Each structure stands twice: as C-alpha cells, then as structure tokens.
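Given next are the chains, with one letter for each unit.
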Amino acid sequence: MSQRVGTKARTIREDAERLGIDLDRLPRHIAIIMDGNGRWAQRRGLGRLLGHREGYRALRSVLLHVAELGVPYLTVYAFSAENWRRPTEEVSGLMKLIERAARDELDVMHRNNVRVRFIGRMDGLPHGLRDAILQGVETTRGNTGVTFTLAINYGGRAEIVDAVRSIVASGVPPEAIDEETIRRHLYQPDLPDPDLMIRTAGEMRWSNFLIWQSAYCELYVTDVAWPDFSKDELLEAIHTFQHRVRKFGGVPEA
Ligand code: FPP
C-alpha cells in the first residue's frame, strides 16, 4: 500500500456504484482462500515462490481496496495447518515472505488505520514470524478501520479442537455448553462470521478454512489465480454476493 486510503476512496466506491453495487449492503466480513499461486508461476515457467511473491502483491492491493470500500473485516488464508506438507524450501520461503511482508507493511497498515489480527496456532511458527505478527497486532490494536485477520498455521478443525480444550479447561458443565459457548472460545471470538468467502483458482471446496464460522456464508469461486485477482474481480464477487438470496435456514424475506 503506497497511498493513504482517503486519497482513493471515491474512485473504487464510484466504480462499485457504476457496477450496480449497493454500498449500504456490502458484506461485513470477506474471507479469502488465496489459491493458485503455484499454478500461476508454473504456467510462466517460474518457481512456485515467485507465484507467492506475486500473491503478496495481489493481497496488498486487495487489502487497500477493501479498506477503501469500507468493508469492516477481511480474513485471508495465508498458510494452512496442512501446508507444512509442502517441500521444505517452499515452506521456509513462504514463512520468510510472510514475515517480511508483516514487517514491511506495518507502517503503512498502521497509517491506514488497519487493525491486524491473527488466527492459528502461533506456537508452531518460526520465532521471527511470531515476533512480526505480535508486533503488528500490538501496534495496530487501537485502530478502527478494516480488521485484517491473517490465518497462519490455521486449520478449522484444529480451531474447534482448541476451543473444546479451552472449554473443558474452564470447567463449564456439559449441559451449559451451547453454540455461543463454542463461539466464545474460538481464536477471535468477536470476529463476525464471514458473509462472503472468495476462493480463487477454481477449486470448489472449503479446505478447512473457518469451518465453524462459514456455516451460512456465501461461497464465490473464480477460475482466476490469486496473483491475477484484481479490483474488478473483487467488485464482481461483491456484485454476485448482493444477488444471492440468503435464507439462514428460513424463507426469503418478502
Ligand atoms: C495457495 O496457492 C497459496 C498459499 C498456500 C499461500 C498464500 C500466500 C500468499 C498469498 C503470500 C503472501 C501472504 C501474506 C500474508 C503476505 P498454491 O501454492 O496452493 O497454488 P497452487 O494450488 O496453484 O499450487
């Protein structure tokens, strides 16, 4: 992010309105599975890490657009609990890339009023990355703009396991446990459920991302690989979302 949010705010909001997007009905929380970095690179005869580097560039720009639009929550799947199965060089390259990004972007995120959050198992991460995340979370704690949550070493089932452990440790009697109890023990209890989950690169699955929270969220899948996910793609996803009928198990409102 090289510019302050305020300088461009009108442009993307005008673009959105031109596309017929109702700015009063934006999704409150967008979650993104940023898939296809590897394929993007391979198609160009490049190494997979170069794909992740381009993915970082795309993320930077999407965060700026989301902030400009006024969507309050953005959560991205940066590294899943299952991604450790990848080749060692790719894993360590990704860890370094995310750490460098967290350090390099902190100042500009802070100036743009972004509040950084983390979900995942922190204790499995390299020390440098942990420090960079904790510093980002601490520095931006009081910010009131978009809440940007990084899911790193994150798994939806692991999150539920951790919630159950925490409930048992707190001594809540079984008959007192309800859905609200589980929600209160998730990694970020005050994060609202996502309304829109975007997945790039065409696969039609959730891949263990926010599985508790996404019970009623709308899934939008595009064939575009993550490094090519642009402002227009983002607006198209929101436009599609606004034409879905959400019923939450009931019947559509008249
Ligand atoms: C999935 O593509 C992507 C990832 C596992 C990593 C996502 C990471 C970034 C976008 C890098 C920047 C992140 C931050 C937080 C700075 P894939 O490698 O599975 O693609 P493929 O399915 O085509 O192989």
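What counts, and at which threshold
Residues numbered from 1 in each chain as written. Predicted model: local features only at pLDDT ≥ 70, side-chain atom pairs only at ≥ 80, totals over all residues. Heavy atoms only, no water. Near = heavy atom within 4 Å. Polar contact = N/O pair within 3.5 Å; in protein donor to acceptor, adjacent residues only side chain to side chain. Areas by Shrake-Rupley, 256 points an atom, 1.4 Å probe, with all protein chains shown as cover. Helix = DSSP H or I, 4+ residues; strand = E, 2+ residues; numbered from the N terminus. Phe/Tyr/Trp six-rings, centres within 6.5 Å; stacked < 30°, edge-to-face > 60°. Buried < 20%, exposed > 50% of the residue type's maximum accessible area, 1.4 Å probe, protein only. Axes fitted to C-alpha atoms, helices over the stretch in contact; angles between N-to-C directions. Parallel < 35°, antiparallel > 145°, perpendicular 65-115°, else oblique. Left-handed = near helix turned anticlockwise from the far one by under 90°. Contact = heavy atoms within 4.5 Å. Nonpolar A, V, L, I, M, F, W, Y, C, P; charged D, E, K, R; others polar. Pairing = 2+ DSSP bridges.

### As for the site of the ligand
Right, so step 1: Taken together, 20 residues lie near the ligand, and D35, G38, R39, R48 and R86 sit nearest.
Right, so step 2: The separation between an oxygen atom of the ligand and a polar main-chain atom of N37 is 3.2 Å.
Right, so step 3: In the model, an oxygen atom of the ligand is placed 2.7 Å from a nitrogen or oxygen of the R39 main chain.
Right, so step 4: Here the ligand loses 92% of its free accessible area of 630 Å² to cover by the protein chains.
Right, so step 5: For the shell around the ligand, the secondary structure elements donating two or more residues are α2 (37–43), α3 (48–69) and α4 (88–111).
Right, so step 6: Considering each element in turn, the shell around the ligand owes the most residues, five residues, to α3.

### A look at the packing of aromatic side chains
Right, so step 1: Applying the stated criterion to the full structure yields seven aromatic pairs.
Right, so step 2: Between Y77 and Y154 the ring centres are 6.0 Å apart and the planes differ by 80°, which places this aromatic pair in the edge-to-face class. Placement of Y77 in strand β2 (residues 73–80) and of Y154 in strand β4 (residues 147–154) is noted, with a sequence separation of 77 residues between them.
Right, so step 3: The class for Y77 is buried, based on a relative accessible area of 9%.
Right, so step 4: Geometrically, the ring pair formed by F79 and W84 is edge-to-face, given 4.9 Å between the ring centres and 70° between the ring planes.
Right, so step 5: The exposure class assigned to F79 is buried, which follows from its relative accessible area of 0%.
Right, so step 6: In this structure W84 comes out as partly exposed when scored by relative accessible area, which is 34%.
Right, so step 7: One aromatic cluster is present, built from ring pairs that chain together Y77, Y154, Y187 and F209.

### A short note on the side chain of T149
Right, so step 1: Position of T149 among the secondary structure elements: in strand β4.
Right, so step 2: Its relative accessible area of 0% is what places T149 among the buried residues.

### Observations regarding the packing of α4 against helix α5 (residues 127–139)
Right, so step 1: Relative to each other, α4 and α5 sit at 20°, their axes nearing to 9 Å. Accordingly, the angle class assigned to the pair α4 and α5 is roughly parallel. In this structure, α4 meets α5 at a crossing whose hand is left-handed. Packed against α4, whose contacting residues are M95, I98, E99, A102, R103, L106 and H110, the element α5 presents G128, L129, D131, A132, Q135, G136 and T139 at the interface.
Right, so step 2: Classifying every residue of the contact of α4 with α5 gives six nonpolar, five polar and three charged.

### A few points about the sheet that holds strand β1 (residues 29–33)
Right, so step 1: The six strands lie next to each other as β3-β4-β2-β1-β5-β6, forming an open sheet whose pairing is parallel. Because the sheet does not close on itself, it has two edges, and the strands there are β3 (115–119) and β6 (218–221). Each strand of the sheet is rotated relative to its neighbour by a mean of 20°, with strand direction disregarded.
Right, so step 2: When β1 meets β2, the two strands line up parallel, connected through five bridges. The residue of β2 that forms the bridge with A31 is T75.
Right, so step 3: Each of β3 and β4 touches α5; the most contacted strand, β3, lies at about 135° to it.

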